[in-house]
Amino acid sequence: MQTIIEPRRGWFGRLGQALTSPFQPEDYLALINPVASAREIRARVTGVHRETGRAVSLTLRPNRLWPGFQAGQHVMLGIDVNGARQWRCFSLSSAPQSGTLTVTVKCHRAGGVTEHLLERARPGDVVTLSEPAGEFLLPARIPDRLLFLTAGSGITPVHSIARYLENTSFDGQVEWLHFDRRYEDVILLASLRELGRHSQLNARVVLGHQDPLPGDEQGRFDAALLAALVPDAADRQVYACGPAGFLDAVSEWHRAEGRAPLLHERFQPLTKNAGNGGQIRFSGSDLTTEAGGGESLLEAAERSGLNPAHGCRMGICHTCRCPVRGSVRDLQTGESRTVDNQLVRLCIHAAEGDVEVAL
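Bear in mind the structure is a predicted one, so any value in this text is a computation, not a measurement.

Participant: Which residues make up the overall build of the protein chain, and what values go with them?
Facilitator: In terms of regular secondary structure, the protein chain is built from eight helices and 17 strands. Considering only contacts within the protein chain whose residues lie at least 6 apart along the sequence, 64% involve residues at least 24 apart. Counting every atom, the protein chain has about 16900 Å² of accessible surface; 48% of that belongs to carbon and sulfur.

So this is what it looks like as structure tokens:
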């Protein structure tokens, strides 16, 4: 999920630039080792594994500033594309371990950052990382019976959790149902099969898709299928991750049947609860624009020629937070509120009247 942050220049090429450019102390560290940094978490790509025609797993070796992570967390990954730093949010798909970590990227549309990573990531590339974040975590006391329900890219954080359980000799039992459109779309497939057949983890893994192979299931998630495959599902602690429609179905089942906790993480585009819109003034740039009720503050800023820091564009990473004054609407919940120089996530808020943004 990455690409080059700096061109592949040799040591002498970088030295030549240093002699002709006004470098900061941080820049001299990168002359000898591009991963070295006193202030940024950087990582070198050490492995690139093609999962499917539209997905790739990258193994990264971070520098000494990397604090480690917990199974189920995500990370912001920074790459340079056409000279501009761009950040995107990805789940960590490997178990916590010393030395390396893995992120798995599934490309959903042409022309985006994920396609850039899919097509151009190579061993030796250098990327920037945020500290890990996220509350999609195992409890301190892990129940004996777990149920994993995943679909599409939602497999990635749950795969991290499963591998962690395996590495820590979890002696309970796991039922894992994963759904995708087609067999060839399933990412981390070889690892899934290994977990269900040959792993030390006591896990049963069932795949559901349109054209099932022997041992797989036909179609998508529903309560009847779950009851048939996992009769004690309602008594198991559930970890679910995937697109909005899938998680809505899981949540509906859990409200009706579930007795143990349900933890879920949504992989979905922003569903916009549009409001009235308004006039936006970008105080640091002395620009003003009219914005519709469905246009986020981030989109309005970009339309006005500004380039605010941003990452996931879904309200997860908080990279785009910026001081805002005025009335704003949360595009996810539809709720409006008045803020006075408070930090607001630009990607999931829209103007609900006159607004001033400190950009």
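The rest of the description comes next.
Participant: Pulling in residues and values, what's your account of the sheet that holds strand β13 (residues 278-282)?
Facilitator: Across the sheet, which stays open at both edges, the five strands sit in the order β14-β13-β17-β15-β16 with mixed pairing between neighbours. The sheet is open, and its two borders are formed by β14 (287-291) and β16 (336-345), each paired with just one other strand. Going from strand to strand, the sheet's axes swing by 30 degrees on average, the running direction of each strand aside. Pairing between β13 and strand β17 (residues 349-357): three bridges, direction parallel. Bridge pairing links Ile 280 to Val 355 in β17.

Participant: So what's going on with helix α5 (residues 189-197)? Which residues, and what values?
Facilitator: Within the span of α5, buried status applies to Leu 189, Ser 191, Leu 192, Arg 193 and Leu 195. Buried residues along α5 sit against β1 (41-52), α4 (155-167), β8 (173-179) and β9 (203-209).

Participant: Give a detailed account of the pattern of salt bridges, specifying residues and quantitative values.
Facilitator: The full count for this structure, using the stated rule, is 16 salt bridges. For Arg 54, the salt bridge is made with Glu 115, and the minimal N-O distance between the two is 3.8 Å. Residue Arg 54 is found in the loop between β1 and β2 (55-62), and its partner Glu 115 is found in helix α3 (residues 113-120); the two are separated by 61 residues along the sequence. Given the relative accessible area of 22%, Glu 115 is considered partly exposed. The salt bridge involving Glu 184 is made with Arg 182; its shortest N-O contact spans 3.4 Å. Judged by its relative accessible area of 47%, Glu 184 falls in the partly exposed class. Judged by relative accessible area, Arg 182 falls into the partly exposed class, the value being 38%. Among the charged side chains, a network of salt bridges with common partners joins Arg 145, Asp 232 and Arg 236.

Participant: Give me the side chain of Thr 102: which residues, what numbers.
Facilitator: Structurally, Thr 102 can be placed in strand β5 (residues 101-106). When sequence neighbours within four positions are dropped, the list of residues in contact with Thr 102 reads Ser 57, Leu 58, Thr 59, Ser 91, Leu 92, Ser 93 and Ser 94.

Participant: So what's going on with α4? Which residues, and what values?
Facilitator: The end-to-end C-alpha distance of α4, which contains 13 residues, comes to 18 Å, matching closely the 18 Å that a straight helix rising 1.5 Å per residue would cover. With 11 of 13 residues buried, α4 is to be regarded as a mostly interior element. The set of residues buried in α4 consists of Ile 155, Thr 156, Pro 157, Val 158, His 159, Ser 160, Ile 161, Ala 162, Arg 163, Leu 165 and Glu 166. Positive backbone phi, approximately 55 degrees, marks Ser 169, located one or two places after α4.

Participant: Any chance you could break down the nonpolar core for me, citing the residues and the numbers?
Facilitator: Membership of the largest hydrophobic core comes to 26 residues, with the highest contact counts inside it found for Leu 146, Phe 148, Ile 161, Leu 165, Val 174, Trp 176 and Leu 201. Mapped by element, the contributors of at least two residues to this core are β7 (145-151), α4, β8, α5, β9 and β11 (237-242). Tallying contributions element by element places α4 first for this core, with five residues. Residue contacts for Val 174: discarding those within four places in its chain leaves Leu 146, Phe 148, Leu 165, Leu 201, Asn 202, Ala 203, Arg 204 and Arg 236. Of all hydrophobic cores here, the second largest spans 24 residues; its members include Val 75, Leu 77, Val 81 and Ala 121.

Participant: Outline the pairing of β2, listing residues and values.
Facilitator: Of all the eight residues making up β2, six are buried; the element is thus mostly covered by neighbouring parts of the structure. The pairing of β1 with β2 spans eight bridges and is classified as antiparallel. Bridging across to β2, Ala 43 finds its partner in Pro 62. From the end of β1 to the start of β2, which pair antiparallel, there are two residues.

Participant: Describe the packing of aromatic side chains, listing the residues and the values that go with them.
Facilitator: The geometry of an aromatic ring pair is captured by two quantities: the separation of the ring centres and the angle between the planes. The full count for this structure, using the stated rule, is seven aromatic pairs. Taken together, a centroid distance of 5.6 Å and an interplanar angle of 85 degrees make the contact between Phe 148 and Trp 176 edge-to-face. Of the two residues, Phe 148 sits in strand β7 while Trp 176 sits in strand β8, which places them 28 residues apart along the sequence. Here Phe 148 matches Trp 176 in class, with each residue buried. Centroid distance Phe 221 to Phe 246: 5.9 Å. Interplanar angle 75 degrees. Geometry classified as edge-to-face. Highlighted residues: Phe 221 in the loop between β10 (217-218) and α6 (223-229) and Phe 246 in helix α7 (residues 244-257), separated in sequence by 25 residues. By relative accessible area, Phe 246 is classed as buried at 11%. Joined through ring pairs, the aromatic side chains of Phe 136, Phe 148, Trp 176 and Tyr 239 make up one cluster.

Rules behind the numbers
Residues numbered from 1 in each chain as written. Predicted model: local features only at pLDDT ≥ 70, side-chain atom pairs only at ≥ 80, totals over all residues. Heavy atoms only, no water. Helix = DSSP H or I, 4+ residues; strand = E, 2+ residues; numbered from the N terminus. Contact = heavy atoms within 4.5 Å. Areas by Shrake-Rupley, 256 points an atom, 1.4 Å probe, with all protein chains shown as cover. Pairing = 2+ DSSP bridges. Axes fitted to C-alpha atoms, helices over the stretch in contact; angles between N-to-C directions. Buried < 20%, exposed > 50% of the residue type's maximum accessible area, 1.4 Å probe, protein only. Salt bridge = Lys/Arg side-chain N within 4 Å of Asp/Glu carboxyl O. Expected span 1.5 Å × (residues − 1). Core = buried A, V, L, I, M, F, W, Y, C linked by side-chain atoms within 4.5 Å. Phe/Tyr/Trp six-rings, centres within 6.5 Å; stacked < 30°, edge-to-face > 60°.

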